[in-house]
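Listed here are the chains, written in short residue letters.
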Amino acid sequence: MSSSLAIHPVHVVLTVSKYEMVFGEYLTFIRQKTRALLILVFLHSFMINRIYLSSNHPFATPQTIESIAHSSLAEMRFEGRISFENLEFAARDFGNRYHLMPSAVLHPKSVSDISSILRYVYDLGLSSELKVAARGHGHSLEGQAQAYRGVVISMESLRDPEMSFHGGKHPYVDVSAGELWINILHESLKRGLPPRSWTDYLHLTVGGTLSNAGISGQALRHGPQINNVYQLQVVTGRGEVVTCSDKQNTDLFHAVLGGLGQFGIITQARIALEPAPKMVKWIRALYSDFSTFARDQEHLISSNNSFDYVEGFIIINRTGLLNNWRSSFSPKDPIRADQFNSDGKLLFCLEIAKYYNPRESDNIDQDIDTLLSELSYIRSTLFMSEVSYVNILDRVHVSEVKLREEGLWEVPHPWLNLLVPRSRIHEFVAEVFGNIVKDMSSGPVLIYPVNKTRWRSGTSLITPDDDVFYMIAFLSSAMPSSTGKDGLKHILSQNKKILSFSQRPYLGIKQYLPHYSTEEEWEAHFGPHWEVFYRRKLSYDPLAILAPGQRIFRRGIAYVQQ
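So, here's what we can say about the structure. Remember, it's a predicted structure, so these values are computed and weren't measured experimentally. (Residues numbered from 1 in each chain as written. Predicted model: local features only at pLDDT ≥ 70, side-chain atom pairs only at ≥ 80, totals over all residues. Heavy atoms only, no water.)

## Quick word on the overall build of the protein chain
To keep it simple, the criterion reads: Numbering of helices and strands runs from the N terminus; a helix is a DSSP stretch of H or I covering at least four residues, while a strand is a stretch of E covering at least two. Throughout this description, buried means an accessible area under 20% of the type-specific maximum (1.4 Å probe, protein chains only), exposed means over 50%, and partly exposed covers the range between. Contact between two residues is taken to exist if any of their heavy atoms lie within 4.5 Å; hydrogens are not considered. Residue burial considers only the protein chains on display, and all accessible areas are found by Shrake-Rupley using a 1.4 Å probe.
Within the protein chain one finds 18 helices and 18 strands. Taken across its 562 residues, the protein chain has 55% of its residues classed as buried. Within the protein chain, contacts between residues separated by at least 24 positions form 76% of all contacts whose residues are at least 6 apart in sequence. About 24,900 Å² of surface is accessible on the protein chain, with carbon and sulfur atoms providing 50% of the total.

## So, the sheet that holds strand β4 (residues 151-154)
To keep things clear, this is the line we draw: In short, DSSP must find at least two bridges between two strands for them to pair. Here, axes are lines fitted to C-alpha atoms. For helices the fit covers the stretch in contact, and angles between N-to-C directions go from 0 to 180 degrees.
The strand order across the open sheet formed by four strands is β1-β2-β4-β3, and the pairing between neighbours is mixed. The sheet is open, and its two borders are formed by β1 (81-83) and β3 (132-135), each paired with just one other strand. If you compare each strand with its neighbour and ignore which way they point, the axes differ by 25° on average. Pairing of β3 with β4, which is carried by four bridges, proceeds in the parallel orientation. Bridge pairing in β4 places Ala133 opposite Val152.

## Structural notes on the pairing of strand β10 (residues 279-287)
Of all nine residues in β10, eight are buried, a share of seventy percent or more. Relative to strand β13 (residues 346-356), β10 runs antiparallel, the two being bridged by nine bridges. Paired with Met279 across the two strands is Tyr356, which belongs to β13. In this sheet, strand β14 (residues 383-388) lies alongside β10 in antiparallel orientation, the contact comprising six bridges. Bridge pairing in β14 places Lys281 opposite Glu386.

## Some thoughts on the pattern of salt bridges
Going by this rule: Salt bridge, as applied in this entry: a Lys or Arg side-chain nitrogen positioned within 4 Å of an Asp or Glu carboxyl oxygen.
Under the definition given, this model contains 19 salt bridges. Glu179 is the partner of Arg159 in a salt bridge, and the nearest nitrogen-oxygen pair spans 3.3 Å. Here Arg159, found in the loop between β4 and β5 (164-166), pairs with Glu179, found in the loop between β6 (172-176) and α5 (181-189); they are 20 residues apart in sequence, far enough to count as distant. Residue classification places Glu179 among the buried positions, given a relative accessible area of 9%. Here Glu351 and Arg284 are joined by a salt bridge, their closest N and O atoms 2.8 Å apart. Within this pair, whereas Glu351 is found in strand β13, its partner Arg284 is found in strand β10, the two being separated by 67 residues in sequence.

As structure tokens, then:
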């Protein structure tokens, strides 16, 4: 018997015991034994084999799935449409390293389309290996939204309901989960009420970011995007359409937020809004000492009167750094800025922003000067810019357009995102940027702290134990055919070294947008939360139909005791 399928008696007894305690001490010994037997039968019937599903194929081409299932899918009627040809787009993503071809792509026009196909696959039971993945704007990194020989649901086709805005004390907008955040921004600004929390890149779907977290430098105010949603509509792995919130079907609500698509497909969301600013003071300044840099960043995210956005990035041996900034920023002291030399140095850039409206312009500069006076940056490196609210939120797209024009957007992106506890950040920076990363030619490295004390608890998002932890994002782009430091082989080797250090248990570092290759690694990632994660999987997707590209669970396999 495969060890991955084995149920150890001790584990069963412990699990049963925990479930029994929920029902209280009034249960008799006989009823305890009866319920224990029922749970054991359930686990045996729906045990999920959690073997990592890897592919060694650079571009895997599927054979036809079970002929009966395939023909039945073709005969199904949808308000949208299902395609069996021209599926290559669904086998690609932003990471551009995994290419797993599905057998079909559903372009839904309604939630019932999604419910119908999931209910159909669920009803096939254990006789089928058919899997289903929801695909947003295709910005996954490791094939997470792909379904090899399965069905991919193209969520951008789902625009039901249309955006519906509501005012009042707690304004919100109801949107389809297939809607892009950039579209919500433009529509909401017509009403002066945009969402409270954003990611750094807005050309992503609502369902995609809520399934991960949606963390950015604006999290200091309202937390990540999963903290700023009032209600969701979800289609579970059983095909059931469920409305959930903090007050209704709460377990499912918490499960799907940051749940990596494992428990259901988000189809609608109710997003919190706030009054919109019109303008932004965008500021950069350099530090040569990490301790000073970290102290200032942590001060800014903990202060009630602070900036509205706090991020940062690391710079290694960048020639002419400040001159490059001049295309978008103006130096506070041009003469001293000209004299600053960044060659051969490890530097830390603080990037901050203050939102305001034109009627406040008389005081905004004074307010900023007061806030800056509390910081210990290198005075000659202070640069500022004044931009619109839309421009700073959509700033990454400007770079995207330029890279697309140069043919450098659709290249491999072996990104690595880590959440590092505050208590270990100095050790991490010393090791990684002292002994591993010596060059930044492959892309930027973001670094900024967040404080989770105000975040919604109970979601599936896994973070370090410290209340304050750092987002460290290695945003690499591999140049085609390069064998140098900006080549895929070198970047992957560097990432492996970083992960090798980061996986030391005492450090308590977690991956964001996680990707693991073994069951043991996934269990270590979730730690004490694994039992809850696993229990939720059994509840909402017991056959492991959903999100196979995450490689956490394998399609349901019946377990029969030998």
